[in-house]
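# Structural characterization, general
Residues per chain, in single letters:
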Amino acid sequence: MEYDLTEGATYEDIKAVLLNCLAEDVINCYSLEVFDLAKSVLIGEKLTEKTVQLLDEDDYVLQQVTSKKREEADKEAEFSDRQLAVIKAMEKVFEHCQREGIKFVGYSDELVAYPAKCESIEQASEYCLEVHTSQTYKGA
């Protein structure tokens with residue numbers, strides 16, 4: 001089932017929805033502020049197996065987060081918290097490059113990261129993460 005959080009939803013409103021939803025349910029947000037607040041509820045209340053996503057006006061998923069216990073996350077071939085932090089830091093570097101007039105050229109249409117511990121490219125494709133380069137990376 002899907003639940004939509006309205007603009008102006010409070011911490012307690014979001015907490016009530018998250019506590020009542022099942023693991024397979026999805027909570028939709030239509031503003032970055034509500035999405036960030038929902039993430040803080042997940043962290044603050046230590047809720048696991050909950051999915052929150054930020055949607056645009058066409059219901060396209062812009063961001064998504066699913067909470068889980070560290071033991072569960074470590075068993076999968078996904079990025080660790082530290083690896084995700086490094087990728088976010090790299091995205092910030094690309095923002096600075098854009099401001100300073102630096103661009104990058106590559107031989108594909110996008111920059112993609114995947115966990116090095118993936119044994120094959122077929123497995124890696126499931127966990128690929130597109131790096132937002134702030135329009136500083138352009139395929140040749």
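Thresholds applied
- Residues numbered from 1 in each chain as written.
- Predicted model: local features only at pLDDT ≥ 70, side-chain atom pairs only at ≥ 80, totals over all residues.
- Heavy atoms only, no water.
- Salt bridge = Lys/Arg side-chain N within 4 Å of Asp/Glu carboxyl O.
- Helix = DSSP H or I, 4+ residues; strand = E, 2+ residues; numbered from the N terminus.
- Buried < 20%, exposed > 50% of the residue type's maximum accessible area, 1.4 Å probe, protein only.
- Core = buried A, V, L, I, M, F, W, Y, C linked by side-chain atoms within 4.5 Å.
- Contact = heavy atoms within 4.5 Å.
- Polar contact = N/O pair within 3.5 Å; in protein donor to acceptor, adjacent residues only side chain to side chain.
- Pairing = 2+ DSSP bridges.
- Axes fitted to C-alpha atoms, helices over the stretch in contact; angles between N-to-C directions.
- Right-handed = clockwise from strand over helix to strand, strands pointing away.

A few words on the pattern of salt bridges. Tallied over the entire structure, the rule returns four salt bridges. Across the pair Lys-39 and Asp-36 runs a salt bridge whose closest N-O atoms are separated by 3.7 Å. Remark: Asp-36 and Lys-39 occur in helix 2 (residues 32–44); sequence separation between them is three residues, near one turn of the helix. For Asp-36, a relative accessible area of 36% puts it in the partly exposed group.

Quick look at the environment of Cys-118 now. In this fold, Cys-118 is placed in the loop between strand 6 (112–113) and helix 5 (121–127). When the C-alpha positions of Cys-118 and Glu-78 are compared, they lie 8.7 Å apart, and in sequence the two are 40 residues distant.

With that settled, consider the nonpolar core. The biggest cluster of nonpolar side chains holds 15 residues, and the ones touching the most others in it are Leu-5, Ile-14, Leu-18, Ile-27, Cys-29, Ala-38 and Val-52. In terms of residue count, the dominant contributor to this core is helix 2 (five residues). Sequence-distant contacts of Ile-27, defined by excluding residues within four places in its chain, comprise Tyr-3, Leu-5, Val-17, Leu-18, Cys-21, Thr-51, Val-52 and Gln-53. Core analysis: the next-biggest nonpolar cluster, separate from the first, contains five residues, Ile-87, Phe-94, Ala-113 and Val-131 among them.

You can see Glu-91 is positioned in helix 4 (residues 81–99). Within the structure, the side chain of Glu-91 is placed 3.1 Å from the backbone nitrogen of His-132, a separation counted as a polar contact. Once residues within four sequence positions are removed from consideration, Glu-91 is found in contact with Glu-130, Val-131, His-132 and Ser-134.

Next up on the list: the sheet that holds strand 2 (residues 26–29). With mixed pairing, four strands are arranged side by side in an open sheet as 1-2-3-4. The open sheet has two edge strands with one neighbour each: strand 1 (2–4) and strand 4 (61–66). Going from strand to strand, the sheet's axes swing by 25° on average, the running direction of each strand aside. Summarising the sheet, strand 1 and strand 2 pair through three bridges and their orientation is parallel. Its bridge partner being in strand 2, Glu-2 is matched across the sheet by Val-26. Sitting on the sheet, helix 2 is in contact with strand 2, strand 3 (51–55) and strand 4, with an inclination near 10° to strand 4.

Further remarks concern the pairing of strand 3. Burial of strand 3 is extensive: five of the five residues sit out of reach of the surface. What you see with strand 3 is no split at all: Thr-51, Gln-53 and Leu-55 on one side and Val-52 and Leu-54 on the other are buried throughout. Looking at chain direction, strand 2 and strand 3 are connected through four bridges and run parallel. Bridge pairing in strand 3 links Ile-27 to Val-52. Considered for its hand, the β-α-β crossover made up of strand 2, helix 2 and strand 3 is right-handed. Taking the residues between adjacent antiparallel strands as the criterion, strand 3 and strand 4 are bridged by five residues, where Asp-59 takes a positive phi near 65°.

Honestly, it's all geometry; don't read function into it.
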